[in-house]
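# Topology and contacts: notes
Below, each chain spelled out in residue letters.
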Amino acid sequence: NSNSDGFDLSYILAHTINDELVWKGLIQLSPSPTQTELDAMYRQVTANTIATHSGAALYYWAEYLHSLTEIPARHQVLVYYITFLRDASRVSFVKALDACRQRLDQYPHDTHALIVFSRLCGYDHVLQFNVLEDLEEQWTYAARMAMKLSPGNADAHSVFAHNCYFRLEHDLCLIEQEVAVQANPFDTSTEYQYGLGL
């Protein structure tokens, strides 16, 4: 909708299989939005739809797959990780960790599974679950391997930054944090992880 103050941009997210309304929102923009205003809009839409920790689309997708008789193997890591993010219990943590380990046993170069595994290492440390033996060694290996396999990936740099902080390499942590933000400035997941882990 257009008015004298600018634009009202409405958006909805619907499940195409059953037409269920998943999420809707409204963003107000000035008549001639600046790049800063557009960037803020992109960040808001990203955070509310596809960001791992807060995205309605990913959460709905994970819940939908959870409702199936069997979750496809290629999706289990992300589904169980999102479930853990919504219910940060030891039980949901172990399920997510087991899904990562199974995936990495079969596909050791799965960048996404390495990133999620690295995130779980951070959670094991921060939440003091103490599930992982040799935490530093496993975390460092997974974070470095993720960066090696996907050097331009913001999440890979983010998990490596968190790992550097854990290992008291603070200067390198700040560098990697900045690389992650520059690689994907619209993804709020990196900021969420820094808030939690750093």
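The coordinates are above.
Now for a look at the structure at hand. (Residues numbered from 1 in each chain as written. Predicted model: local features only at pLDDT ≥ 70, side-chain atom pairs only at ≥ 80, totals over all residues. Heavy atoms only, no water.)

Next up on the list: empty space enclosed by the protein. A full pass over the atoms with the stated rule returns one cavity of 30 Å³ or more. Lining the largest cavity we find R43, A180, V181, N184, P185, D187, T190 and E191. Counting only elements with at least two residues in the lining of the largest cavity, the list comes to α8 (170–183) and α9 (189–197). The residue makeup of the lining of the largest cavity, split by class, is three nonpolar, two polar and three charged. (1 Å grid on protein atoms, 1.4 Å probe; cavity = no way out; pocket = protein on both sides within 12 Å on 5 of 7 lines; lining within 4 Å. Points joined across faces, edges and corners; volume = space filled by probe spheres on them. Helix = DSSP H or I, 4+ residues; strand = E, 2+ residues; numbered from the N terminus. Nonpolar A, V, L, I, M, F, W, Y, C, P; charged D, E, K, R; others polar.)

Two elements in contact, helix α6 (residues 135–149) and helix α7 (residues 154–166), have axes whose closest approach is 8 Å; the angle formed by their N-to-C orientations is 150°. The angle between α6 and α7 places the two elements in the roughly antiparallel class. As α6 packs across α7, the resulting crossing turns out to be left-handed. Together, L135, E136, W139, T140, A143, R144, A146 and M147 of α6 and A156, H157, V159, F160, H162, N163 and F166 of α7 make up the contact between the two elements. (Axes fitted to C-alpha atoms, helices over the stretch in contact; angles between N-to-C directions. Parallel < 35°, antiparallel > 145°, perpendicular 65-115°, else oblique. Left-handed = near helix turned anticlockwise from the far one by under 90°. Contact = heavy atoms within 4.5 Å.)

Taken together, I17, Y64 and L68 make up a surface patch of nonpolar side chains, about 270 Å² in accessible area. Residue position: Y64 is located in helix α2 (residues 56–67). Accessibility expressed as a relative area gives 30% for Y64, which makes it partly exposed. (Patch = residues over 30% accessible without salt bridge, like charges linked within 9 Å, V, L, I, M, F, W, Y side chains within 5 Å. Areas by Shrake-Rupley, 256 points an atom, 1.4 Å probe, with all protein chains shown as cover. Salt bridge = Lys/Arg side-chain N within 4 Å of Asp/Glu carboxyl O. Buried < 20%, exposed > 50% of the residue type's maximum accessible area, 1.4 Å probe, protein only.)

Below, the discussion takes up unusual backbone geometry. Not every positive phi belongs to a glycine, and Q128 is a case in point at roughly 55°. In this structure, Q128 sits in the loop between α5 (111–126) and α6. You can call Q128 partly exposed: its relative accessible area is 49%. Even without glycine at this site, N130 takes up a positive phi of about 55°. The exposure class assigned to N130 is exposed, which follows from its relative accessible area of 56%.

The next point concerns the packing of aromatic side chains. Where two aromatic rings form a pair, the distance of their centres and the angle of their planes describe that pair. If you walk through the whole model with that rule in mind, you get five aromatic pairs. Considering the side-chain rings of F84 and F129, the 6.5 Å spacing of their centres and the 65° angle between planes classify their relative orientation as edge-to-face. Of this pair, F84 sits in helix α3 (residues 76–86) while F129 is found in the loop between α5 and α6, placing the two residues 45 residues apart along the sequence. Of the two residues, F84 and F129, both sit in the buried class. Taken together, a centroid distance of 5.0 Å and an interplanar angle of 50° make the contact between F93 and F129 tilted. Highlighted residues: F93 in helix α4 (residues 90–106) and F129 in the loop between α5 and α6, separated in sequence by 36 residues. (Phe/Tyr/Trp six-rings, centres within 6.5 Å; stacked < 30°, edge-to-face > 60°.)

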